[in-house]
Amino acid sequence: EAGVTQFPSHSVIEKGQTVTLRCDPISGHDNLYWYRRVMGKEIKFLLHFVKESKQDESGMPNNRFLAERTGGTYSTLKVQPAELEDSGVYFCASSHRTKSEKLFFGSGTQLSVL
Amino acid sequence: SQQGEEDPQALSIQEGENATMNCSYKTSINNLQWYRQNSGRGLVHLILIRSNEREKHSGRLRVTLDTSKKSSSLLITASRAADTASYFCATMAFGGFKTIFGAGTRLFVKA
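Residues numbered from 1 in each chain as written. Chains lettered and ligands numbered in written order. Predicted model: local features only at pLDDT ≥ 70, side-chain atom pairs only at ≥ 80, totals over all residues. Heavy atoms only, no water.

A few points about the overall build of chain B
For step 1, the next point in the chain: Helix and strand content of chain B: zero helices and eleven strands.
For step 2, the next point in the chain: For chain B, the sequential pattern of α-helices and β-strands runs β-β-β-β-β-β-β-β-β-β-β.
For step 3, the next point in the chain: The globule rule puts the C-alpha radius of gyration for 111 residues at 13 Å, and the 13 Å found for chain B is close to it.
For step 4, the next point in the chain: Counting only C-alpha atoms, chain B reaches 45 × 25 × 20 Å along its principal axes.
For step 5, the next point in the chain: Across the 111 residues in chain B, those meeting the buried criterion constitute 46%.
For step 6, the next point in the chain: Here the analysis covers contacts within chain B between residues at least 6 apart in sequence; of these, 55% occur between residues at least 24 apart.
For step 7, the next point in the chain: Total accessible area computed for chain B in this model is approximately 5300 Å², and 46% of it derives from carbon and sulfur atoms.
For step 8, the next point in the chain: The distance from the centre of the 14 positive side-chain charges to the centre of the 9 negative ones in chain B is 5 Å. (Helix = DSSP H or I, 4+ residues; strand = E, 2+ residues; numbered from the N terminus. Rg over C-alpha atoms; globule rule 2.2 N^0.38 Å. Buried < 20%, exposed > 50% of the residue type's maximum accessible area, 1.4 Å probe, protein only. Contact = heavy atoms within 4.5 Å. Areas by Shrake-Rupley, 256 points an atom, 1.4 Å probe, with all protein chains shown as cover. Lys, Arg positive; Asp, Glu negative; His and termini not counted. Charge placed at Lys NZ, Arg CZ, Asp CG, Glu CD.)

Here it is as structure tokens:
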């Protein structure tokens, strides 16, 4: 069984540019989450999808961040325009619909905004 | 504000010693989980303890939960160099799907 995959693993962009991160959850996992870790701080919740619907987007920092999950499969997280404080590691996680407590994480995307 | 807060922030021990990490949280929970992250990798689920449980074991891992103090501890016995990683506690509230993580404890096990 393939795990959660994220692409790219690293991204270096300049302030003001746009970046799109992609997450492919484990097949059949209805729940998909985005998290961010900045400079060794806590892993902060961004949002939660159930299939294609946004269940909870209370952690999204501002309207420069847009997450989508068309068709309820893979998800994208777009940052436009990127700011310096957006730098960090963006993690995606998925969980099964009924066994939803255990999260399976991808390896993350290291985003550096210069 | 973060829910879980691990203590210590960093821990360095010799191989064979036990490692204890603590976690405190703020609000009522349904369950508490511990995850491990090796450098450059994703988090891996280690163990889950429910709010009505006080202690749980899995291999060399022992987790305790004290809901009156809103705290948990993770004990790794007979540590190995391969246990070197960051360890995070995470909490989930009743009726919720959101798992909240702390900042983690960095464990370094010297061979």
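Focus: the pairing of strand S9 (residues 88-95) of chain A
All names here are of chain A.
For step 1, the next point in the chain: Judged by how many residues are buried, S9 sits mostly within the fold: seven of eight residues are covered.
For step 2, the next point in the chain: For strand S4 (residues 31-37) and S9, the ladder comprises seven bridges, and the chain directions are antiparallel. Its bridge partner being in S9, Tyr35 is matched across the sheet by Phe91.
For step 3, the next point in the chain: Looking at chain direction, S9 and strand S11 (residues 109-113) are connected through three bridges and run antiparallel. Directly across from Tyr90, in S11, lies its bridge partner Thr109. (Pairing = 2+ DSSP bridges.)

As for the interface of chain A and chain B
For step 1, the next point in the chain: Taken together, the 20 residues of chain A in the interface contact 22 residues of chain B.
For step 2, the next point in the chain: Summing both partners gives a buried area of about 1700 Å² for chain A against chain B, and 55% of it is carried by carbon and sulfur.
For step 3, the next point in the chain: Applying the counting criterion to the chain A and chain B interface returns two salt bridges.
For step 4, the next point in the chain: Among the salt bridges present, the one from Asp56(A) reaches Lys98(B), with a minimum N-O distance of 3.6 Å. (Buried area = accessible area lost by both parts, 1.4 Å probe. Salt bridge = Lys/Arg side-chain N within 4 Å of Asp/Glu carboxyl O.)

A few points about the packing of aromatic side chains
For step 1, the next point in the chain: According to the stated counting rule, one finds nine aromatic pairs over all chains in the structure shown.
For step 2, the next point in the chain: Note on Phe91(A) and Phe105(A): the rings are 6.2 Å apart at their centroids and 80° apart in plane angle, and the pair reads as edge-to-face. Taken together, the residues span a long stretch of sequence, with Phe91(A) in strand S9 and Phe105(A) in strand S10 (residues 104-105) at a distance of 14 residues. One exposure class covers both Phe91(A) and Phe105(A), and it is buried.
For step 3, the next point in the chain: With centroids separated by 5.8 Å and ring planes inclined at 80°, the aromatic side chains of Phe105(A) and Tyr35(B) adopt a geometry described as edge-to-face. Linking Phe105(A) in strand S10 with Tyr35(B) in strand S4 (residues 31-37), this pair reaches from one chain into another.
For step 4, the next point in the chain: Classification of Phe105(A) as buried rests on a relative accessible area of 9%. (Phe/Tyr/Trp six-rings, centres within 6.5 Å; stacked < 30°, edge-to-face > 60°.)

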